[in-house]
Amino acid sequence: MTVTAVNAPATGPSSPPPQDPQAPPSHDSLDVWPASTTRLPAGDLSVGGVPLTAVAERFGTPAYVLDEAEVRARCRAYRHAFPDAEVLYAAKAFLCRAMAHWVREEGLGLDVCSAGELELVVSAGFPPDRIVLHGNAKSPYDLEAALRLGVGRIVIDSAAEIARLAAAVGPRGRQKVLLRVVPGIAAGAHHKIRTGTEDQKFGLSVADGSAQHALARVLDQPRLELTGLHCHLGSQITSVKPYLAAVRRMTGLMARVREQHGVALPELDLGGGHGIAYRPGEAALDLAALSCRLRAELSRSCAAAGLPEPRLLLEPGRAVAGPAGVALYRVLAVKRTRATTFVAVDGGMSDNPRPALYGVGYAPRLVGSAAARGEGAGSGAGSGTGSGMCDATVVGRHCEAGDILAADVPLPSGVRPGDLIAVPAAGAYHLSMASGYNLVGRPPVIAVRDGHARPLVRRESLEDIRSRDIGL
Ligand SMILES: *Cc1c(COP(=O)(O)O)cnc(C)c1O
């Protein structure tokens, strides 16, 4: 089997959509903000009916704001686009107990990849049978928790896991499993998030026969019930084509399973990876197009192979949580060099490692009075011109020169300490990847809805940090 590169180059800022002369300049666009976002006087923005300046005032900064209605609307959009599929939210994008509760109320299942994620959501009342456990290296503790709590399916990712899992299940048990295979498809925005190709750690290769070998062993194992195949191509994929290629590859393999073993597998899990726009003008994966073309391809491929159509499973993470989150920072220092204005904020790579990891771009903006100054109010007071825009680089507070949140972005040239900066599309892979670097403490998560703000996760305090440090 050959590797097919079917990812079209992501539409980026290099190819912006045609400009509407009536539209605000792109630095003032609310395109990638939650749908509830509105402009308020004095440069403030309201999300979920709550002014961002009020969130910063009440809960401090840095803080993450999560628009509950946006999360729910995105879950519903998946249910609507894929009424017959099982949609599982990939919890690793962002997880807290309220998030699990919303996802459950909106009719989605969950995809988790550790005992920690699993225990947290079950403690929030999530039904274990609607949970799928992933992991290329599941620990004995992960498997023990999964079996004890009764997860719906476990995704087998290596040959060694088959016997280990069967032994843990015991002679009287029977566990539903999926097998993760490598379809040999390159897709995704960055090599670190491509998981459908041969040369990475996830899944079992069809090309070298290890997937077929593992399939035979799972089917031979009476304690395991193989319900289907799984593949996950990567992340931040904005084209439908790689998914169509995956359907063809996967149904081809399912047809061979039926020929060789006489089993028609009832499920096909195509993973997640659905891309979102981080900056105005960027493309997102079109859900309606994905649904329509995926179902057509599945029908066609199955008819051609004489296979009954399997039920589809999908695992979006970023596309559910990402656009619903806004990161809020306070400016602590501004340094103007000849070429650049460095705007240093009170967070950084400890709450958002994505720019440093993958070199991704964001569109931060000032909110509140600072933004109003940028529109020409003109404050002067030793802080530049006080009007107009400048080319700024927003950096964090950590002890690394690579701690850059957004390079070369337009900000009002009057930006100064005390100003508030908001970063949209911050709901996924920020806090879930947050670290304890420099003991700054991880920010809180504040849910906004119908004009009310409430904390979902509190700020990590010095006491939290001190209480784990037990050696002295
Ligand atoms: C990360 C991951 C997802 C979710 O990916 P997104 O890009 O957030 O949609 C889904 N399934 C698996 C197996 C994953 O590893």
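Residues numbered from 1 in each chain as written. Predicted model: local features only at pLDDT ≥ 70, side-chain atom pairs only at ≥ 80, totals over all residues. Heavy atoms only, no water.

As recorded by an unreviewed UniProt entry, the protein carries the name Diaminopimelate decarboxylase and is attributed to Streptomyces daliensis.

Enquirer: Even after reading the chapter, I still don't get the overall build of the protein, so can you show me in this structure?
Expert: The helix and strand tally for the protein stands at 13 helices and 23 strands. The C-alpha atoms of the protein give a radius of gyration of 24 Å, which matches the 23 Å a tight globule of 472 residues would have. The principal-axis extents of the C-alpha atoms in the protein amount to approximately 80 × 60 × 40 Å. A total of 472 residues make up the protein; the buried ones form 54% of that total. A total of about 19,700 Å² of accessible surface is found on the protein, and carbon and sulfur atoms cover 53% of it. If the 50 positive side-chain charges of the protein are averaged to one point and the 46 negative ones to another, these points end up 1 Å apart. (Helix = DSSP H or I, 4+ residues; strand = E, 2+ residues; numbered from the N terminus. Rg over C-alpha atoms; globule rule 2.2 N^0.38 Å. Buried < 20%, exposed > 50% of the residue type's maximum accessible area, 1.4 Å probe, protein only. Areas by Shrake-Rupley, 256 points an atom, 1.4 Å probe, with all protein chains shown as cover. Lys, Arg positive; Asp, Glu negative; His and termini not counted. Charge placed at Lys NZ, Arg CZ, Asp CG, Glu CD.)

Enquirer: Before we go on, may I ask you to explain the packing of aromatic side chains in this structure?
Expert: Working definition: an aromatic ring pair is given by the centre-to-centre distance plus the angle between the planes. Tallied over the entire structure, the rule returns one aromatic pair. An angle of 80° between the planes, with centres 5.3 Å apart, marks the rings of Y278 and Y362 as edge-to-face. With Y278 in the loop between β14 (267–269) and α9 (287–305) and Y362 in the loop between α11 (354–358) and β18 (365–367), this residue pair connects regions lying 84 residues apart in the sequence. Here the two residues Y278 and Y362 agree in accessibility, since each one is buried. (Phe/Tyr/Trp six-rings, centres within 6.5 Å; stacked < 30°, edge-to-face > 60°.)

Enquirer: Help me understand the site of the ligand in this model?
Expert: The ligand sits among 16 residues. The nearest are K92, S235, E315, R318 and Y429. A distance of 2.6 Å separates an oxygen atom of the ligand from a polar side-chain atom of K92. Contacts to the ligand include E315, whose side-chain N or O atom sits 2.6 Å from a nitrogen atom. Residue composition of the shell around the ligand, grouped by class: three nonpolar, eight polar and five charged. (Near = heavy atom within 4 Å. Polar contact = N/O pair within 3.5 Å; in protein donor to acceptor, adjacent residues only side chain to side chain. Nonpolar A, V, L, I, M, F, W, Y, C, P; charged D, E, K, R; others polar.)

Enquirer: Where do I start with the nonpolar core in this structure?
Expert: The tendency in soluble globular proteins is for nonpolar side chains to be buried side by side. Among the nonpolar cores identified, the biggest contains 112 residues, and Y89, M99, L179 and L294 are the most heavily contacted of them. The element that contributes the greatest number of residues to this core is helix α8 (residues 241–261), accounting for 10 residues. Each of domain 1 (38–67 + 322–466) and domain 2 (68–321) gives at least three residues to this core. Apart from the residues within four sequence positions on either side, M99 is in contact with L66, V71, Y89, F94, V320 and A321. With 20 residues, the next largest nonpolar core counts V47, F59, L328 and V367 among its residues. (Core = buried A, V, L, I, M, F, W, Y, C linked by side-chain atoms within 4.5 Å. Domains from an automatic or database assignment. Contact = heavy atoms within 4.5 Å.)

Enquirer: Is there a simple way to think about the UniProt feature "active site" (unreviewed entry) in the protein in this case?
Expert: Mapped onto this numbering, the UniProt entry gives "active site" (unreviewed entry) at C399. Tracing the backbone through its elements, the reader meets C399 in the loop between β19 (389–395) and β20 (404–412). When its relative accessible area of 59% is taken as the criterion, C399 is described as exposed. What C399 contacts, discounting residues up to four positions off in sequence, is Y437 and N438. (UniProt positions renumbered as here; feature names shortened; annotations may be inferred.)

Enquirer: Mind showing me how you'd approach the side chain of N352 here?
Expert: With respect to the helices and strands, the residue N352 is situated in the loop between β17 (341–345) and α11. Classification of N352 by relative accessible area gives buried; the value is 3%. At a separation of 3.5 Å, a polar atom in the side chain of N352 contacts the side chain of H430. Ignoring sequence-local partners within four residues, the contact set of N352 consists of Y64, Y329, Y362, L405, Y429 and H430.

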